[in-house]
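# Architecture and fold: a report
Here's the letter readout for the chains.
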Amino acid sequence: MDSYRSKIKRKMFFGGVICSLSVVIAILDQLGVIDKISFIKKYEMISDFQFGFLVGIGLVAAVIMFKLGNALKDETKLKMLYNEEHDERIGLIKQKSGMPMLVITSCIMIFVGIIAGYVNEMVFVTLVAAGTIQIVFSVLIKLYYMKKI
């Protein structure tokens, strides 16, 4: 269980880094620092989406860190988290719904859409919508298999 505890601490460290970076970038964006150093024209819709996306990433990272921190303090919660992470049924459900790869490709599509949005706003809307729809369908398939299996 000590190796799992160190794994949780590593996850909390990376979550803290992600949370801190997203908050710092969002604050710099709102203060206009990024606009001064950027030579690319920013569309307002893309800027608003980026700010919301950064805030969302920061909040999700903070919630996950809070959950992991509570699990580190209580041995029963730590064992429950370990069992949940190593559950064969959940692994099968994730595998059937294509969870790891589909989420990765969807996130890549969203990031590429944000970057390509500086060139063409329609590409931004298309890639972000396609990535979001893929994530939604993946979650729906996962929920279906959770009820079925």
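Before reading further, recall that the structure is shown in the block above.
Residues numbered from 1 in each chain as written. Predicted model: local features only at pLDDT ≥ 70, side-chain atom pairs only at ≥ 80, totals over all residues. Heavy atoms only, no water.

## Some details on the overall build of the chain
Along its length, the chain carries seven helices and zero strands. Listing each helix as α and each strand as β along the chain from the N terminus yields α-α-α-α-α-α-α. Relative to its length of 149 residues, the chain is extended, with a C-alpha radius of gyration of 19 Å against a globular reference of 15 Å. If you line up the chain on its principal axes, its C-alpha atoms span 50 × 35 × 20 Å. Across the 149 residues of the chain, 23% fall into the buried class. In the chain, of all internal contacts separated by at least 6 residues, the share reaching a separation of at least 24 is 74%. Here the chain contributes 18 positive and 12 negative side-chain charges, whose respective centroids are spaced 6 Å apart. (Helix = DSSP H or I, 4+ residues; strand = E, 2+ residues; numbered from the N terminus. Rg over C-alpha atoms; globule rule 2.2 N^0.38 Å. Buried < 20%, exposed > 50% of the residue type's maximum accessible area, 1.4 Å probe, protein only. Contact = heavy atoms within 4.5 Å. Lys, Arg positive; Asp, Glu negative; His and termini not counted. Charge placed at Lys NZ, Arg CZ, Asp CG, Glu CD.)

## Looking at the packing of helix α1 (residues 2–31) against helix α4 (residues 75–85)
Interhelical geometry of α1 versus α4 gives an angle of 85° and a closest axis separation of 11 Å. Considered as vectors, α1 and α4 are oriented roughly perpendicular to each other. Facing Y4, R5, K7, I8 and K11 of α1, the residues of α4 in contact are E75, L78, L81, Y82 and E85. Of the residues contributing to the contact of α1 with α4, the split by class is five nonpolar, no polar and five charged. (Axes fitted to C-alpha atoms, helices over the stretch in contact; angles between N-to-C directions. Parallel < 35°, antiparallel > 145°, perpendicular 65-115°, else oblique. Nonpolar A, V, L, I, M, F, W, Y, C, P; charged D, E, K, R; others polar.)

## Regarding the layout of surface pockets
Estimates place the volume of the largest pocket at around 760 Å³. Sorting the residues of the lining of the largest pocket by element identifies α1, α3 (44–73), α4, α5 (88–96), α6 (99–116) and α7 (121–148) as the ones contributing at least two each. The residue inventory of the lining of the largest pocket, partitioned by class, reads twelve nonpolar, two polar and seven charged. (1 Å grid on protein atoms, 1.4 Å probe; cavity = no way out; pocket = protein on both sides within 12 Å on 5 of 7 lines; lining within 4 Å. Points joined across faces, edges and corners; volume = space filled by probe spheres on them.)

## Some points on α6
Between its first and last C-alpha atoms α6 spans 25 Å; for 18 residues at 1.5 Å apiece the expected length is 26 Å, and the two agree. Turning to α6, its buried residues number three or more, namely M99, S106, I110, G113 and I114. On an axial view of α6, the arc spanned by its buried residues comes to 100°, and they lie on one face. Along α6, exposed side chains directed more than 90 degrees from the buried face belong to P100, M101 and I115. Contacts from the buried residues of α6 go to α3, α5 and α7. (Expected span 1.5 Å × (residues − 1). Arc of directions from axis to C-beta.)

## Structural notes on the pattern of salt bridges
Taken as a whole and judged by the stated rule, the model has four salt bridges. Taking the shortest distance from any N to any O, the salt bridge between E75 and R5 comes out at 2.8 Å. In this pair, E75 sits in helix α4 while R5 sits in helix α1, placing the two residues 70 residues apart along the sequence. The salt bridge partner of K67 is E84, with a shortest N-O separation of 3.8 Å. Here K67, found in helix α3, pairs with E84, found in helix α4; they are 17 residues apart in sequence, far enough to count as distant. Exposure remark for K67: the relative accessible area of 46% places this residue in the partly exposed category. The partly exposed category is assigned to E84, whose relative accessible area is 47%. Look at the salt bridges and you will find they share partners, linking K7, K11 and E85 into a network. (Salt bridge = Lys/Arg side-chain N within 4 Å of Asp/Glu carboxyl O.)

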